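Commentary on secondary and tertiary structure
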Amino acid sequence: MPQGILELAKNTLLAQQVAMQVVGHNVANAQTEGYVRQVPVMEPIPGATWGSAAYSVGQGAQVTQIRRLQNAFTAVQLDRQAALLGHDSAIADTLSQVEAIFTEFDESGIADALGEMFASFEQIGTDPANLAARQEAVVRAQLVADMISGRQDSLQQLRTEVDQRLSDAVREANRLAQQIADLNKQIGAAGDTAVVNDLKSLRETAMSRLAELTGAYCIEQSNGQIDVMIGGRRMVQGTEVIQLGLELDSANPGMHNVCLGSVADPDGLGGTLQGLLDVRDGQIVDYISRLDTFAQTLADAVNVQHRSGLDMYGTEGEDFFTYDPAGAASSLQVSAAIQADPKLIAAAGSVGAVGDGSNASEMAQLRDAKLFTGGLLNAGEYYADLIGQMGTDAKAATDAVAVRETIVAQLKADYQGRSGVSLDEEAADLLRYQQVYNAAARLLQVSQQMMDALFAIS
Amino acid sequence: MRIASKTYMDMLQRSIREAENRLGVLTQQITSGKRINHPSDDPVAASQALRAHAELQKTLSSQKTLERAVQLNGALDSAMADLSTPLQTAYNAALKATQVGLDEAGRAACAEEVRSAMTRIITVGNSEFNGTYLLAGTSNREAPLTETGDDSDVVQYNGDTYQMRISIAPGRTAEIAVTGRQLFNFADASGNRPVSAVDDDLFQVMADLARDIEVGYEDGIAEHMEQLKTLQEHVLMQRGIVGGYGLRLDQSLTLAENAELQARTLLADIEDVDMVNALLEAESQKTAYQAALAATANIAQMPTLFDWL
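Quick summary incoming for the structure in this document. (Residues numbered from 1 in each chain as written. Chains lettered and ligands numbered in written order. Predicted model: local features only at pLDDT ≥ 70, side-chain atom pairs only at ≥ 80, totals over all residues. Heavy atoms only, no water.)

1. Considerations on the overall build of chain A
When its secondary structure is counted, chain A shows 12 helices and 13 strands. For chain A, whose C-alpha radius of gyration is 38 Å, the value lies well above the compact-globule estimate of 23 Å for 458 residues. Its C-alpha atoms put chain A at 140 × 45 × 35 Å along the principal axes. Of the contacts made within chain A by residues no fewer than 6 positions apart, 67% connect residues no fewer than 24 positions apart. As displayed, chain A offers around 20100 Å² of accessible surface, 53% of which is attributable to carbon and sulfur atoms. Charge centroids of chain A, computed over 30 positive and 58 negative side chains, lie 10 Å from each other. (Helix = DSSP H or I, 4+ residues; strand = E, 2+ residues; numbered from the N terminus. Rg over C-alpha atoms; globule rule 2.2 N^0.38 Å. Contact = heavy atoms within 4.5 Å. Areas by Shrake-Rupley, 256 points an atom, 1.4 Å probe, with all protein chains shown as cover. Lys, Arg positive; Asp, Glu negative; His and termini not counted. Charge placed at Lys NZ, Arg CZ, Asp CG, Glu CD.)

Here's what the structure looks like:
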């Protein structure tokens, strides 16, 4: 009989030791990102029947399983929201860079330079023989051209950088997919053992990051492995990975498309990758196009007016601005001849006298001419509209990120409400297991005393 | 609701970050004095601010142009004021020459007075302001009047027939000055004169008057005195016209100054930060930030059950 008690106490001591180890593991990972709390599942050990007695006494307790308290439903929602957050963040970050290119509120913007250019035309209008005024007009106009082309070049450069960021994101996504496949392999090999708990936590962390990058989701298989899907296509199937890649987009010179294996532009792509593609081919292209329209329309209007005047030599004006129609904004320049000789500014009207600045005055009046958007907006208004559009886009993206962050934070709190570690709870569990451990140890002591009593009889 | 230990730290981190961001935005607004530093701060206001900026620049540019026009007009008005005396002097000299019994020397003195007055009028006619000849029309980089030495055409007009003017609005211009042709009754290319009743320019009339005084040709003196009188009235009228131009330019300048004030007010309304509100808000955000920091420090130090074991 005392041997039975010894066995029972030993089983109980071992079970409580395991339980306390689990508590220790939880405490150690209380602040680990993606860690899911584990709890020991304690069960009684069935006992043997004694002699002819119609009863049996159990053999103590044992830990039959260490269970992860995974909140699967919230985890799926969290991955989905992480993908949306990745998408919106990519757009917001890029548009914030666009805003930095268009510095319009510190008197170094195109709007101010444009105003100064028209003012310099007006100045020539009142004092056309003043060569200093003519020189200033050339400088002001060239400044406008430089600012427009500078911003256009910066937008093109940003578009190229966004394209390069695709490459980084694809590399990271492939690394994570490979990590998931490797973990799948280990989980498959480990079977239904306690070791898979931590492997699953690692895999979920990788999956969450992959979802943020690509909008991928996972489907768990019966063997514990997961398949990673983008749209309806598999990126990870068990231990196999179909890699994401980039291929040159024939319709979009110099830019790349994302492909999954041999499939270009896979449906269902989301997250950071889709956000980068959207902002690269959406907003940035729109701004580039509008800046081209701005440059070309402005240059054409000034050129038409300039050609109708006479320069200081009495000859008809040539084009004031030159540009390449294939990219008006980035190639805009004041005519090289006028830069070299400001007397070629055709300030005079039909009179052609040295004091006639009527054509320069007409050029200055183009400031108010409704040249854009079907005769609705003048140059300044069109540009202000463009800046307003950039601001609206950037604010919408920032607001969307703020909303997503709130949702993600809420979901994370919800997720951790079930799956996170509470130190108080772990301490209480520790106390509980410790008390049982102490009691089992006391049982051993009593068993020893019983043995001693028996030996004393002999 | 069960709250995991990590949730506390995540929430605190987020609170600190948000409070820091809000405080950063307010600090930028207060130090720059502007509510809008990036288009996304307020896209609609950003667009309005750029339009208001453009309007302000346009107004300032118009003011600059109008100020120069007002200066030119003022200089011309002042020069034209100097025409009255020599014109009257010439007329008085002619009147004196018609007195009975005036000898040859007396007539020569009167003729000299007329010629001297003519020279002063030529000097006034060639007045310039900052390199611009005021009575040359748009050909205003060379003196409009030159003496030829030819008795039948004593003074030549080198200017043109186009008045100096400025553009004050799309399709609207304002005159700054009259031309020498208008003022001194020179004939245009078709032979037409502003004062059709006098078929000579002022200088020819004066030269002929001086000549008739010298020779004592009374009919000629009477005829040219009549012409001089007519042209004297014409000059007076032209001065009134130039004064009218000045009035219009002054009014336009006042309007432009008012427009500047309006543009600046509008711009300030859109763009400038309400400093009192911003400072109060910053104080409030600073408190929120300090509270978030204090809460973090307190919660980080908060004991768990482990501390009591």
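2. Some details on a nonpolar patch on the surface
Residue and element names in this part refer to chain B. On the surface, M1, I3, Y8 and M302 cluster together into a nonpolar patch covering about 430 Å² of accessible area. Its place among the elements puts Y8 in helix α1 (residues 5–32). Owing to a relative accessible area of 31%, Y8 belongs among the partly exposed residues under this scheme. (Patch = residues over 30% accessible without salt bridge, like charges linked within 9 Å, V, L, I, M, F, W, Y side chains within 5 Å. Salt bridge = Lys/Arg side-chain N within 4 Å of Asp/Glu carboxyl O. Buried < 20%, exposed > 50% of the residue type's maximum accessible area, 1.4 Å probe, protein only.)

3. Some details on the nonpolar core
Generally speaking, soluble globular proteins have nonpolar side chains that are buried together. F294(A), F320(A) and F321(A) are the most contacted members of the largest nonpolar core, which totals 95 residues. The greatest single-element share of this core, amounting to 19 residues, is contributed by helix α4 (residues 131–190) of chain A. Not counting the four nearest positions on each side in its chain, F294(A) is found in contact with I110(A), L114(A), I148(A), F372(A), A379(A), Y382(A) and Y383(A). Membership of the second largest hydrophobic core comes to 56 residues, among which are C110(B), M118(B), A207(B) and L231(B). (Core = buried A, V, L, I, M, F, W, Y, C linked by side-chain atoms within 4.5 Å.)

4. A look at the pattern of salt bridges
All names here are of chain A. This model, assessed by the stated rule, comprises 40 salt bridges over all chains. The shortest N-O distance in the salt bridge between E104 and R151 comes to 3.9 Å. In this pair, E104 is assigned in the loop between α2 (72–101) and α3 (110–126) and R151 in helix α4, connecting sequence segments 47 residues apart. Residue classification places E104 among the buried positions, given a relative accessible area of 2%. Of the residues examined, R151 reaches a relative accessible area of 9% and is grouped as buried. Among the salt bridges present, the one from D168 reaches R171, with a minimum N-O distance of 3.3 Å. Pair noted here: D168 and R171 are both in helix α4, with a separation of 3 residues, about one helical turn.

5. Remarks on the sheet that holds strand β9 (residues 244–248) of chain A
Residues and elements named next belong to chain A. Strands sit in the order β9-β10-β11 across an open sheet of 3 strands; the sheet is antiparallel. With one partner strand each, in any of the chains shown, β9 and β11 (263–264) form the two edges of the open sheet. In this sheet, strand β10 (residues 256–260) lies alongside β9 in antiparallel orientation, the contact comprising 5 bridges. Within β10, the position partnered with L246 by the bridge is V258. Lying over the sheet, α4 contacts β9 and β10, oriented at roughly 155° with respect to β9. Strand contacts of helix α6 (residues 271–281): β9 and β10, with the helix running at about 155° to β10, the strand carrying the most contacts. (Pairing = 2+ DSSP bridges. Axes fitted to C-alpha atoms, helices over the stretch in contact; angles between N-to-C directions.)

These figures come from the coordinates and say nothing about function on their own.
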